[in-house]
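The chain contents come next:
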Amino acid sequence: MMMHLSKNRFFDSDPAQHRIALELYSEIAALPLICPHGHVDPRLFAEETATFGTPAELLLIPDHYIFRMLYSQGIALEALGVPRIDGGPVETDHRKIWQIFAENFYLFRGTPSGVWLAHELYDVFDVREKLNGDAAQAIYDQIEAKLAEPKFRPRALFESFNIEVLCTTDAATDTLLHHQKIKESGWNGVIRPTFRPDAVVNINTLGWKDNIDALSDASGISVDSYVSFIQALEQRRAFFKQMGATSTDHAAVSAYTAELPPAEAEAIFQRALNGKATVDDARRFTAHMMMESARMSIDDGLVMQFHVGSVRDYNTYIFERFGANMGADIPERSEFTHNLRPLLNKYGNDTRLTLIVFTLDESTYARELAPLAGHFPAMRLGPAWWFHDSINGMTRYRDRVMETAGLYNTVGFNDDTRAFPSIPARHDLARRVDANWLAGLVVRGVIDREDASDMAKDCAYRLAKSAYKLGE
Amino acid sequence: MMMHLSKNRFFDSDPAQHRIALELYSEIAALPLICPHGHVDPRLFAEETATFGTPAELLLIPDHYIFRMLYSQGIALEALGVPRIDGGPVETDHRKIWQIFAENFYLFRGTPSGVWLAHELYDVFDVREKLNGDAAQAIYDQIEAKLAEPKFRPRALFESFNIEVLCTTDAATDTLLHHQKIKESGWNGVIRPTFRPDAVVNINTLGWKDNIDALSDASGISVDSYVSFIQALEQRRAFFKQMGATSTDHAAVSAYTAELPPAEAEAIFQRALNGKATVDDARRFTAHMMMESARMSIDDGLVMQFHVGSVRDYNTYIFERFGANMGADIPERSEFTHNLRPLLNKYGNDTRLTLIVFTLDESTYARELAPLAGHFPAMRLGPAWWFHDSINGMTRYRDRVMETAGLYNTVGFNDDTRAFPSIPARHDLARRVDANWLAGLVVRGVIDREDASDMAKDCAYRLAKSAYKLGE
Amino acid sequence: MMMHLSKNRFFDSDPAQHRIALELYSEIAALPLICPHGHVDPRLFAEETATFGTPAELLLIPDHYIFRMLYSQGIALEALGVPRIDGGPVETDHRKIWQIFAENFYLFRGTPSGVWLAHELYDVFDVREKLNGDAAQAIYDQIEAKLAEPKFRPRALFESFNIEVLCTTDAATDTLLHHQKIKESGWNGVIRPTFRPDAVVNINTLGWKDNIDALSDASGISVDSYVSFIQALEQRRAFFKQMGATSTDHAAVSAYTAELPPAEAEAIFQRALNGKATVDDARRFTAHMMMESARMSIDDGLVMQFHVGSVRDYNTYIFERFGANMGADIPERSEFTHNLRPLLNKYGNDTRLTLIVFTLDESTYARELAPLAGHFPAMRLGPAWWFHDSINGMTRYRDRVMETAGLYNTVGFNDDTRAFPSIPARHDLARRVDANWLAGLVVRGVIDREDASDMAKDCAYRLAKSAYKLGE
């Protein structure tokens, strides 16, 4: 069976809206990709000859968006070749793994993973058959052959994907060796690190004490007190900035922010060093460090991202057997109005700060986040995130955010992906959905055609570049 | 005035989508009805000669979906013939009741009850006049005449409605006499019981002690301890299963689950027997019994349904005067991520369990339930429930659930009704809304036409049948 | 560049729906405006020769919907001429202020403020150029010239806007002098006061003790006890009613209602008088006063409005520098099911009460408010409020409320505005959105064309007039 990839996909079928959506999309489809936030491994670009491995290694094994759906239907992760923490046996025949994937590809009907994969197979690997059990091995052959070509190496794809800048996400303790190698290699691709201090800031992180030791090593500052901890963070931020970083990233279950008196911050830090910090200590210290991070951002100009609401490693069985980031992170209800108030009251009126907030709780879009972003000079709203990075999710985001926050308190699209070859599909989907949204405003007379063209470029390119200071 | 019942109702008017929606609907419109969950009285089918009574008794007096709307506009339930608990006087002239209903039928404009009733009047009773004060008595005459015909008896309608299987909902203490009679009558209609133990599991139920006595009687096990309580439940489940049940049903205000140590379960149970259980005892015992029910389901294979979020008997005046299920149940905010974690961590990875979760809080669809159902092998998501069992409600459900959970972690439609003659209207509406949803995906290039046909059959027939094990 | 104001704006572009939407809109476009709730200053109508000031004073400086968006992009309120509490310097050159506004008018693309302003400029002031930096001063000239004409005085606009009745919102302590002057002036315009006792009911209001003194003065009752407080409120309600009021208005962060024993109400009131009331006292007293207000409404027939969920004066910097109502009010999550239960159980079955509830938390529409309004005779649901008073916001409201509550448990539109000249634009937008909503129901066969016409008039005119008793 032939795979269907409509040239006009994701546009409303109403002829008037469809026509304008297509026009707007045509104006932005070829713009370079700005990738201000994501999780691509910089190692891929450190060596010119790096490759992606087998089709299963490229598309399935490392992508929890994919294997969690197969798992939900009773397929064991071992059968999909997902490595176990204890090194126990998992399937190693990648053709077998691929066969299971293909036979169950119907599970992705109507999902973003489904349409990204269709785009990727069609556009990147020239696949024309629909992926199913019958076609599985022939498609495997085809992708395997492509991956052997030099033009399918990471750097070559980076260039053919027309990526202007790609930001990675890196631990505060990371030495950024791969970024250094990329710089020194003379390659033109722009790969910037992002400073993510969660593993040293959240004192209840598994292995936190080791992370602090690593922070001492990386910074050259012996971190034995809250004061030296702050100094080390500032040192690392300066280093990241020097290595090209323009932003930081912070994740927390709750959006809670609150400043601690210095003595209390120090006391909690000491308890943490002694392994005696409580759950409440951790909660309050993270809240305090959000305040501190905002202060540092005002000082050094790094844009501050805040990702809120994911309960990580929810499924203990999966976590203990396969580790973190295995598709078992589940959102919880979030609250921003009261939780962000301390931070916004102290720093939100300061135009030197850019705080970009992401939510997994859509009920906060129109109720809390759009009113906040539509008032505070320092606050911007990040795009529809994770489970909501989808056609309907983006549409709901536009529907609920734009009327109150306005487009210019948002920051365009980011792909937030580990799956490098899916980047064009993700940006293309976003550009189509945005073009369709704007066309809907035009045909209903909410904006005029001229404004729509301008806004389409803002959505696809300019907002991300300016909000993340990537033109600097 | 003529009643309007468009052949193409509920489809988008965009010609491209409309055409495909109609095609898809045509493919599924005549499929048999699978009714895996509902509240039809099995007594209706126990005797071949059973009838429905007057038009008011058929359509209004027993249906709290209908009379709560009339009540909301100041019409007393007594005037509608709703029986009082104390046996006090209520209107007995069913033509008068019908007249009030007809004069106020405009209140149902744009509501699911309104469109179900229109379908039912038009298709089942051949009514062609619009229901209002002028037409009231003539329509009453027409329905009354039909109801006197043998082909309008419950069994005859069951057959003409093309119902493949109808599941009732029955107390754990029910002797299933009517189900027994149906079996013995030689009639071919498939009516299956469903095991609903709420009245013995929730120790703060009014009359709980009597229910426990009834459980002792029904099971033949003297329930005087937690251990014997569990034994009695297991006995009843085995009996229900033998009588054709394939599922259980559990309702709770909160989704809270948590296992108690055996000694604590026993202690709470003893306090309950002695009338000394606290509110917190009840909350924890219900949470524990959800765990136990999941364990039992793994043992005996009964599918487990969990309906969460309704504050029952909210209006004390109505409850005291008319009793339970009188349209005065109001949803509250729900939380699933943390509440289901104990159960899902213990049993959610077990493919022998099917846990179908229903919510009245739509904010949990995309935030909590779709991510959970899209990960755990044991979990499925029930269809849009109660107030959300409507055109917009189903559309929101598809919009918010499908992209993350995928269609195959959901379980198709169920009508959940006490109003037997509304069953075809409810399934027809669901099939139309699903056909329209799928047509929307096709015209926007999200799925192809072939997949849409397959998915339409899944939505209308196959998912319910397989999730509830009704083909076995 | 020419400004674009489509005659058919806000209608779906699907030709079938568009045609019916336009028909329905044409049937209601010229109906008189019913304005049952808003914040227009009655002073504007007290003197025949009152004027609006400069274009900046008319459209920007007093309208926090506008300047909060400019502020969110880093423009200081001082630069916009917003007066400081301390009388410190702010921009006084209104042409400069206007220039900033015009240069940043693109920020309002796709927002309700943007489309209201476009309508207002085009229809009220005959502006044909798009507002931007280039056109700023010419448009200023044009508006300034219009404002100098007698037909642009408030009373003249009131008449040309075809306002049938305009309700203001007035403190319980207000002497209603301006309303008195209007009455005595012989002018035909109907301006009714609304009784808003928040400043004396919420005992933690800044300056509460002064407000109580003012209440004593206004009522002629020495308010030194809870009993005399209630008497004074009843006196003021009687006075407001005599002055034409048909409703009261109550705002609270939470919807909490609960009756206090008289002795406890008195004790809290005494603590408040002595400056010793706690936060919890304030919370419980407000909850109690909601009960009392419902009781009074049953006695005197005043319709009771309840606006829930806004955290006022969220941004301390703005509050301290510019005062209240400066665009820094942020919604929080709301809960109605449990909070309203005491009030609804005591008074909700009483058909003499009309309680109109407003929410800023859309997740409560389908989950809590529609089920409550669809059951209790006394309860009605107010229209989409504040941030949700927008094209998408109203559409979501219709989508989520109507199927359960039905149209007839809602109360039509209210503009809730301080910006008098925006009133026609706001009503026009609402009428267009409603016409489009109804047309959508018609083309999908949910309602028939005849019902749609009837419902359109209900939405645009009749529901507001009857719910607020404005025909009496």
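1. Some details on helix H20 (residues 449-467) of chain A
Residues and elements named next belong to chain A.
- Most pronounced at cysteine 459, the bend in H20 amounts to some 55 degrees.
- Listed as buried for H20 are Asp451, Ala452, Met455, Ala456, Asp458, Cys459, Ala460, Tyr461, Leu463, Ala464 and Ala467.
- Looking at the packing, one finds that the buried side of H20 touches helix H1 (15-28), strand S1 (33-35), strand S7 (303-308), strand S10 (355-359), strand S11 (379-381) and helix H19 (423-443).

2. Comments concerning the relation of the copies chain B and chain A
- Once turned by 120 degrees and shifted 0.0 Å along the axis, chain B lies on chain A with an RMSD of 0.0 Å. What the superposition gives is, in effect, a three-fold axis relating one chain to the other.
- When you check the interface residues of chain B against chain A, a mere 5% turn up at the interface there too, and the two sides of the contact use different surfaces.

3. Describing the pairing of strand S10 (residues 355-359) of chain B
All names here are of chain B.
- With five of five residues buried, S10 lies mostly within the body of the structure.
- Residues Leu355, Val357 and Thr359 of S10 are buried on one face, and the alternating residues Ile356 and Phe358, pointing to the opposite face, are buried as well.
- Sheet topology places strand S7 (residues 303-308) next to S10; five bridges connect them, and they run parallel. Note that in S10 the partner of methionine 304 across the bridge is leucine 355.
- Sheet analysis places S10 next to strand S11 (residues 379-381), joined by three bridges and oriented parallel. The residue of S11 that forms the bridge with valine 357 is leucine 381.
- Once the chain exits S10 it traverses helix H17 (residues 363-373) before rejoining the sheet at S11, and the crossover so formed is right-handed.

4. Some thoughts on the domain arrangement of chain A
Residue and element names in this part refer to chain A.
- If you check the domain split of chain A, you get domain 1 (15-50 + 153-467) and domain 2 (52-152).
- The distance between the C-alpha centroids of domain 1 and domain 2 comes to 28 Å.
- Of the residues lining the interface, 22 residues belong to domain 1; the matching set on domain 2 comes to 21 residues.
- Breaking the side of domain 1 that touches domain 2 down by element, the ones donating at least two residues are helix H8 (154-160), helix H15 (316-322) and H19.
- The leading source of residues in the side of domain 1 that touches domain 2 is H19, at five residues.

5. Focus: the interface of chain B and chain A
- Contacts between chain B and chain A engage 39 residues on the former and 42 residues on the latter.
- The set of elements that each furnish at least two residues to the side of chain B that touches chain A consists of helix H1 (15-28), helix H16 (341-347), H17, helix H18 (391-405), helix H19 (423-443) and helix H20 (449-467) of chain B.
- Broken down by element, the residue count for the side of chain B that touches chain A peaks at eight residues, all from H17 of chain B.
- Among the residues making up the side of chain B that touches chain A, the classes are represented as 16 nonpolar, 13 polar and ten charged.

6. Section: the relation of the copies chain B and chain C
- Laying chain B over chain C is done by rotating through 120 degrees and shifting 0.0 Å along the axis; what remains is an RMSD of 0.0 Å.
- The share of interface residues of chain B whose copies in chain C are also at the interface is only 5%, consistent with the copies meeting through different surfaces.

7. As for the interface of chain B and chain C
- Across the boundary between the two partners, chain B contributes 42 residues, which contact 39 residues of chain C.
- For the side of chain B that touches chain C, the secondary-structure elements that each account for two or more residues are helix H4 (64-72), helix H6 (112-124), helix H15 (316-322), strand S9 (330-331) and H18 of chain B.
- Sort the elements by how many residues they give to the side of chain B that touches chain C and H4 of chain B lands first, with four residues.
- Broken down by class, the residue content of the side of chain B that touches chain C amounts to 17 nonpolar, 17 polar and eight charged.

8. Some points on the sheet that holds strand S4 (residues 191-192) of chain A
- Within the open sheet, the three strands sit side by side as S1-S2-S4 (chain A). Their pairing is parallel. The sheet is open, and its two edges are formed by S1 and S4 of chain A, each paired on a single side.

9. Description of the packing of helix H13 (residues 262-273) of chain C against helix H14 (residues 279-300) of chain C
All names here are of chain C.
- Two elements in contact, H13 and H14, have axes whose closest approach is 10 Å; the angle formed by their N-to-C orientations is 130 degrees. Classified by the angle between their axes, H13 and H14 sit oblique to one another. Viewed along their axes, H13 and H14 form a crossing whose handedness is left-handed. Between H13 and H14, the contacting residues are Ala265, Ile268, Arg271 and Ala272 on the first element and Asp281, Arg284, Phe285 and His288 on the second.
- Across the contact of H13 with H14, the residue classes break down as four nonpolar, one polar and three charged.

Calculation rules
- Residues numbered from 1 in each chain as written.
- Chains lettered and ligands numbered in written order.
- Predicted model: local features only at pLDDT ≥ 70, side-chain atom pairs only at ≥ 80, totals over all residues.
- Bend = angle between axes of the 7 residues up to and from the residue.
- Helix = DSSP H or I, 4+ residues; strand = E, 2+ residues; numbered from the N terminus.
- Buried ≥ 20, exposed ≤ 12 C-beta atoms within 10 Å, placed from the backbone.
- Contact = placed C-beta atoms within 7 Å.
- Least-squares fit on C-alpha atoms with pLDDT ≥ 70 in both.
- Pairing = 2+ DSSP bridges.
- Right-handed = clockwise from strand over helix to strand, strands pointing away.
- Domains from an automatic or database assignment.
- Nonpolar A, V, L, I, M, F, W, Y, C, P; charged D, E, K, R; others polar.
- Axes fitted to C-alpha atoms, helices over the stretch in contact; angles between N-to-C directions.
- Parallel < 35°, antiparallel > 145°, perpendicular 65-115°, else oblique.
- Left-handed = near helix turned anticlockwise from the far one by under 90°.

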